[in-house]
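Descriptive analysis of the structure
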Amino acid sequence: MEFRLLGTVSVDTRTGPLPLGPAKRRSLLAALLLSANTPVPVARLTDSLWGEEPPPRARGVIQGHVSRLRALLTGAEAEAYGVELVTLGDAYVLRVPETLLDYQRFEELLMLARQQRSAADTVRMLDDALSLWQGPALGGTFTEGPLQAAAHTLEESRLATVEELARAYADLGEHHRAASVLRAEAVAHPMRESLAAALILALYRAGRQSEALDWFHRTRRLLADELGIDPGHELADAYALILRGGPRPGAAPADGTDAAGASRDGTGPAEGAGTTAPPGPRVPAAHSPSVAPHPTDLLPRAPRGFHGRNAELAALTRAAAGEAPVCLVTGPAGVGKTSLALQWAHHNPAAFPDGRLFADLRGFSETGEPALIDVLREFLLALGVAPRRVPESVSAAAALFRSLTDRRRLLVVLDNARDSATVRALLPGGTDCVTLVTSRNRLEGLIASDAARPVPLGVLEPQDGTALLAGVLGEERILAEPVAARRLAELCGGLPLALRVTAARLAGRPQWTLAGLADELADERGRLTFLDVDDTGVSAALRLTVQQLPADAVRQLARLGHHPGGHFDPYTCAALAGTDPAAAAAALERLGSAHLVTETAPGRWVLHDLVRLYARGLDPASGAEALVDVLDHYIATALAAADTAEPGGEPCFVLPEGYRPAAVRDFADRAAAMHWLATERDDLARAAVAARGAGLHDRAWRIILLQWPQVVWRVRDSWAPLLELALDSARAKQDLYAESRVLNLLGWVLTEEGRTAEALTLLERSPGLAQQAGDRLGEATALINLAVVQAGQGELDRALEGCGRAVVLAREEEDRHTEMLALQHLARLQLSAHRPGDAIGSARTALALGPEHEEAARRSLLLAVSGEARLALGEEDEGVLLLDRAAEEAERAGYDEGAVRALEALLRVSARAEYRTRHALALRRLTDGG
């Protein structure tokens, strides 16, 4: 048995390939195989098969496909090969020996090939690896989202292997074969410059210079026409080698350069080749920089207009001279810590031949810090670890990172660190590695634990501040007003960010004089304050921009400073400023033109952290009012989203006292409403936290509870902490109604997460609280949820009693929807308790409430319970008739899950071909219809 992903997804057996069926099933198999021997949650499978808009019956469709795959594997005697598809809670795992996976064998052959000392052995193993490919990876699947990314990764690995094979042929002197291998791929991937460069060199070394030049010009024209760019360094180096008549196989450069003309120390092209430099060791042409992989480099570009800081740069160099040094650049916001770190990091790349890593830890960003596992994952991927080999825990990923860097010479730049603990998890393991950390905090813990060498950073001296201005404005303008330029540098407090903002405003207004702007700065009320307080130099500079804005834009900016979230749209802005969305959108456009806000997506904007601090100071007295306005906006919008996503659902609360919503967006359909709830989840959470912090507990729990459609849809998506916050707010408000409702939802979430003991503790309290609050329907729902957990814990008697009480409550409230729900669960519990007669009575009572009070799906479930109860009583004919009716109702309503369930019960007692056919058809609809 063999599982193939390197081509059309298939399972080969001794009797031929298994009939996998539709593309969705192949996609499911591919997703399981890509995470072989690891549990794959249903949520991740849903994302792989449908992306952000799965159908309502996605879980059932997946179950149907899994059932069919399991049957196919069983029929092929998969267990004899150690293959098993099992269910683990809310996840599936395909247990399969790695030797049966073609992509695992491909990677194993690659690893072995790289360990060979003989180029001939390397060629054989790489040939064997590439022979496993039978077409584009993951063929026959819906390659979107995660599967598309996986297919791209596999294809990148294949192309890199082709390039390795060509280099191995070149080591053997077989340049014609190298060119043959590369040509086909270069034709298929015409804009992959590494392939084109390798092909050009192979052709040239094979004596086919004209073909090599033709291929270069063809690629150059394609890059210009399609992308509007010039050839990169690899193509340019290959072209230069040909024009220069560089060495061919067997001729070593005489000047210490490699075949592309770069000096071996990495400092650049050498001149006077073959004249004065002594001959160096031969560098095989196949390993020239034009085809060899380059060191990892995640550094952002070097800062432009960098001036001064010579003492600090020298201090960094001294700090980096020790063993496994940790260099710590500290100072206030806006002082240029990141610029200093990047300037130093770019200064001497040859000191770090194994690469340079960079991560912005966002320790002082209101958008929050990235998860440590995400930073480590980026580092590990950059160091060549396959995505599936990256550990899921921080401790394991950190250990792997330390192990991989143990014998390397790397630079690791950790920008904007908030605390010492975060940095420690990201420290490399090698004694030759250098770690450069920037922070607004002193991080004295890091100094104590890891002997970090601090390099404090202060403001710029006036002459350096003047030089920074000159870098933006030009020397002539500075020389025309040298005194005013120095005065500007002093008035900006030597803070680089303030200087840059001021220089930008002057650059856009050539008619302004430096002296005039200096006079304006001198009149700033509170100017002295920013010399002592963090970030206030930026405020002084930003005020010059804000002064040019119309009043409505200034008001909008002032209110945005009090927005608790990270993103905002015109509706949110309108709520904050007390305007309408059209006026808010116009104000945002003005602010965007002034570079005070940034549009990250159509209609979605963000504030830079420093601008936010400034904006809050524009109108500090409006903070409380603005917060209430935006909270009520979120409540109104979430209500609209919930009503659209789940129309006809019971309102979960009355509106808070003093509620005053602004304009609310309309949601066209359920997909739009669910998309809003998903994309705004983080900002809704921040709003709830801000509400609780301001003592607005009545808003906090409502904002959280209104996300219930998203909670239901993504129940295993870590909702418990947010619901616990809602619970705290409900209790702080001493709102028994709210506490009961939150406990009910939180208990259900914990149940779905498998935390049944905790769920039971919470749900046991919910009915009593609802009773005290007079929320009889809430009490009924709580009793139903509690009964489900109790039954799972083996407490059938208590579950039956609770469900019975729920029936009474719903009946007294004349809510037939809740009554029917309670009776359905009661009937199922009675059947589990071996009381089939009672189950029949409960189901009959529920069905008598009438189809107009409930959907056909619930009627089908009730008929199925009745049929199973009749079978338990030995009344086989009646039981078969009821189950048949249940299946028919489900089939008419398109409720395939119910049809499959009822027909499976029928097949346990009847061998009629009709039932088997209907079951197969329903199962096919369930799986193929997704």
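All of these numbers come straight from a predicted model, not from anything done at the bench. (Residues numbered from 1 in each chain as written. Predicted model: local features only at pLDDT ≥ 70, side-chain atom pairs only at ≥ 80, totals over all residues. Heavy atoms only, no water.)

1. Here we look at the overall build of the chain
Across its full length, the chain holds 42 helices and 14 strands. In the chain, which comprises 930 residues, the proportion classed as buried is 50%. For the chain, the share of sequence-separated contacts (at least 6 apart) that also reach a separation of at least 24 residues comes to 67%. On the chain, roughly 41,300 Å² of surface is accessible, and the fraction owed to carbon and sulfur atoms is 51%. (Helix = DSSP H or I, 4+ residues; strand = E, 2+ residues; numbered from the N terminus. Buried < 20%, exposed > 50% of the residue type's maximum accessible area, 1.4 Å probe, protein only. Contact = heavy atoms within 4.5 Å. Areas by Shrake-Rupley, 256 points an atom, 1.4 Å probe, with all protein chains shown as cover.)

2. Here's the deal with the side chain of Arg-870
Examined against the element boundaries, Arg-870 turns out to sit in helix 39 (residues 856–872). Discounting residues that sit within four places of it in the chain, Arg-870 has contacts with Ile-840, Arg-844, Glu-875, Glu-878, Gly-879 and Leu-882.

3. Regarding the pattern of salt bridges
Tallying each qualifying case throughout the model produces 53 salt bridges. Notably, a salt bridge pairs Arg-4 with Asp-12, separated by 2.8 Å at the nearest N-O pair. Owing to a relative accessible area of 12%, Arg-4 belongs among the buried residues under this scheme. A residue is classified by how much of its surface remains accessible, and Asp-12, at 24% relative accessible area, is partly exposed. A salt bridge links Asp-632 to Arg-699; its shortest N-O distance comes to 2.9 Å. Taken together, the residues Asp-632 in helix 27 (residues 623–645) and Arg-699 in helix 30 (residues 697–705) connect sequence positions 67 residues apart. Each member of the pair, Asp-632 together with Arg-699, is buried. A cluster of three or more residues bridged by salt bridges with shared partners is formed by Asp-884, Glu-891, Arg-912, Glu-914 and Arg-918. (Salt bridge = Lys/Arg side-chain N within 4 Å of Asp/Glu carboxyl O.)

4. What about the packing of helix 1 (residues 23–34) against helix 2 (residues 42–50)?
Direction vectors running N to C along helix 1 and helix 2 enclose 130°, while the axes themselves pass 10 Å from each other. Taken as axis vectors, helix 1 and helix 2 run oblique relative to one another. Every pair of crossing elements has a handedness; the one defined by helix 1 and helix 2 is right-handed. Across the interface between the two elements, Lys-24, Ser-27, Leu-28, Ala-31 and Leu-32 from helix 1 touch Leu-45, Ser-48, Leu-49 and Trp-50 from helix 2. (Axes fitted to C-alpha atoms, helices over the stretch in contact; angles between N-to-C directions. Parallel < 35°, antiparallel > 145°, perpendicular 65-115°, else oblique. Left-handed = near helix turned anticlockwise from the far one by under 90°.)

5. Some points on the nonpolar core
By size, the foremost hydrophobic cluster in this structure holds 82 residues, and its most contacted members are Phe-3, Ile-62, Val-83 and Leu-138. Membership of the second largest hydrophobic core comes to 65 residues, among which are Leu-596, Val-597, Ala-641 and Ala-688. (Core = buried A, V, L, I, M, F, W, Y, C linked by side-chain atoms within 4.5 Å.)

6. Some remarks on a nonpolar patch on the surface
A cluster of nonpolar residues, Met-191, Leu-227 and Ile-229, forms a patch on the protein surface that exposes about 250 Å² of accessible area. Position of Met-191 relative to the elements: it lies in the loop between helix 7 (175–188) and helix 8 (193–205). Met-191 sits in the partly exposed class, given a relative accessible area of 37%. (Patch = residues over 30% accessible without salt bridge, like charges linked within 9 Å, V, L, I, M, F, W, Y side chains within 5 Å.)

7. Remarks on the packing of aromatic side chains
Overall, the coordinates contain four aromatic pairs when judged by the stated rule. Between Phe-106 and Trp-133 the ring centres are 5.8 Å apart and the planes differ by 80°, which places this aromatic pair in the edge-to-face class. In this pair, Phe-106 is assigned in helix 4 (residues 102–114) and Trp-133 in the loop between helix 5 (119–131) and helix 6 (146–171), connecting sequence segments 27 residues apart. Residue classification places Phe-106 among the buried residues on the basis of a relative accessible area of 1%. Across the ring face of Phe-142, the terminal group of Lys-24 is positioned such that the distance to the ring centre comes to 3.9 Å. (Phe/Tyr/Trp six-rings, centres within 6.5 Å; stacked < 30°, edge-to-face > 60°. Lys NZ or Arg CZ within 6 Å of the ring centre and 35° of its normal.)

8. Thoughts on the sheet that holds strand 3 (residues 16–17)
Across the sheet, which stays open at both edges, the three strands sit in the order 1-2-3 with antiparallel pairing between neighbours. Whereas interior strands pair on both sides, the edge strands pair on one side only; in this sheet they are strand 1 (2–4) and strand 3. As judged from the two bridges shared by strand 2 (residues 10–13) and strand 3, these two strands associate in the antiparallel manner. Residue Asp-12 lies in a different strand from strand 3, and its bridge partner there is Pro-17. (Pairing = 2+ DSSP bridges.)

9. Remarks on the sheet that holds strand 10 (residues 411–415)
On the basis of which strands lie adjacent, the open sheet formed by six strands has the order 7-9-10-11-8-12 and parallel pairing. Looking along the sheet, the strands with just one partner apiece sit at the ends: strand 7 (296–297) and strand 12 (453–456). As judged from the five bridges shared by strand 9 (residues 355–360) and strand 10, these two strands associate in the parallel manner. Across the sheet, Ala-359 pairs through a bridge with Leu-414, a residue of strand 10. With respect to the sheet, helix 11 (residues 310–319) is in contact with strand 8 (326–330), strand 11 (434–439) and strand 12, its orientation differing from that of strand 12 by roughly 175°. Of the strands in this sheet, strand 8, strand 9, strand 10 and strand 11 are in contact with helix 12 (residues 337–347), which crosses strand 11 at around 160°.

10. A few points about the environment of Met-1
Mapped onto the elements, Met-1 comes out in the segment before strand 1. Remark: the alpha-carbon pair of Met-1 and Ala-78, spanning 77 residues in sequence, is separated by 7.6 Å. Those residues in contact with Met-1 that lie beyond four places of it in its chain are Val-11, Asp-12, Thr-13, Ala-76, Ala-78, Tyr-81, Val-83 and Leu-100.

11. Re helix 4
Between its first and last C-alpha atoms helix 4 spans 19 Å; for 13 residues at 1.5 Å apiece the expected length is 18 Å, and the two agree. Looking at helix 4, one finds that the buried residues are Asp-102, Tyr-103, Gln-104, Phe-106, Leu-109, Leu-110 and Ala-113. Among the structural elements, strand 1, helix 1, helix 5 and helix 6 are those in contact with the buried residues of helix 4. (Expected span 1.5 Å × (residues − 1).)

12. With respect to the side chain of Asp-629
Along the polypeptide, Asp-629 turns up in helix 27. Within the structure, Asp-629 has its side chain in polar contact with the side chain of Arg-660 (distance 3.0 Å). Sequence-distant contacts of Asp-629, defined by excluding residues within four places in its chain, comprise Arg-559, Ala-575, Leu-576 and Arg-660. (Polar contact = N/O pair within 3.5 Å; in protein donor to acceptor, adjacent residues only side chain to side chain.)

13. Regarding unusual backbone geometry
Phi is positive for Asn-37, which is not a glycine, with a value near 70°. Mapped onto the secondary structure, Asn-37 falls in the loop between helix 1 and strand 4 (40–41). Taking the relative accessible area as the measure of exposure, Asn-37 reaches 39% and is therefore partly exposed.

14. Digging into helix 12
Residues spaced three or four apart along an α-helix face the same direction, because each turn holds 3.6 residues. Among the residues of helix 12, Lys-337, Leu-340, Ala-341, Leu-342, Trp-344 and Ala-345 are the ones counted as buried. If you follow the buried residues of helix 12, they end up packed against helix 11, strand 8, strand 9, strand 10 and strand 11.

15. Focus on the pairing of strand 6 (residues 91–95)
Burial analysis of strand 6 places four of its five residues in the buried class, the great majority of the element. By the bridge criterion, two bridges tie strand 4 to strand 6 in an arrangement that is antiparallel. Within strand 6, the position partnered with Pro-41 by the bridge is Ala-91. Taken together, strand 5 (residues 84–88) and the strand that follows it, strand 6, pair antiparallel across an intervening segment of two residues, in which Gly-89 is found at a positive phi of about 65°.

16. Regarding the environment of Ala-120
When you line up the elements, Ala-120 lands in helix 5. Counting along the chain gives 52 residues from Ala-120 to Leu-172, while the straight-line C-alpha distance between them is 7.2 Å.

17. Focus: the environment of Pro-620
By the secondary structure assignment, Pro-620 is in the loop between helix 26 (609–618) and helix 27. The exposure class of Pro-620 is exposed, given its relative accessible area of 58%. As a C-alpha pair, Pro-620 and His-562 span 58 residues in sequence and 8.5 Å in three-dimensional space.

18. Re the confidence of the model for the chain
Of the residues in the chain, 88% reach a pLDDT of 70 or more, and the chain-wide mean stands at 82. Across the chain, the element-wise mean pLDDT spans from 55 in helix 22 (residues 536–546) up to 95 in strand 10. Low pLDDT, under 50, characterises residues 250–294; the predicted model gives this stretch 60 contacts beyond four residues in sequence or across chains. Note on residues 524–537: pLDDT is under 50 here. Beyond four places in sequence and across chains, it has 25 contacts. (pLDDT = per-residue confidence, 0-100.)

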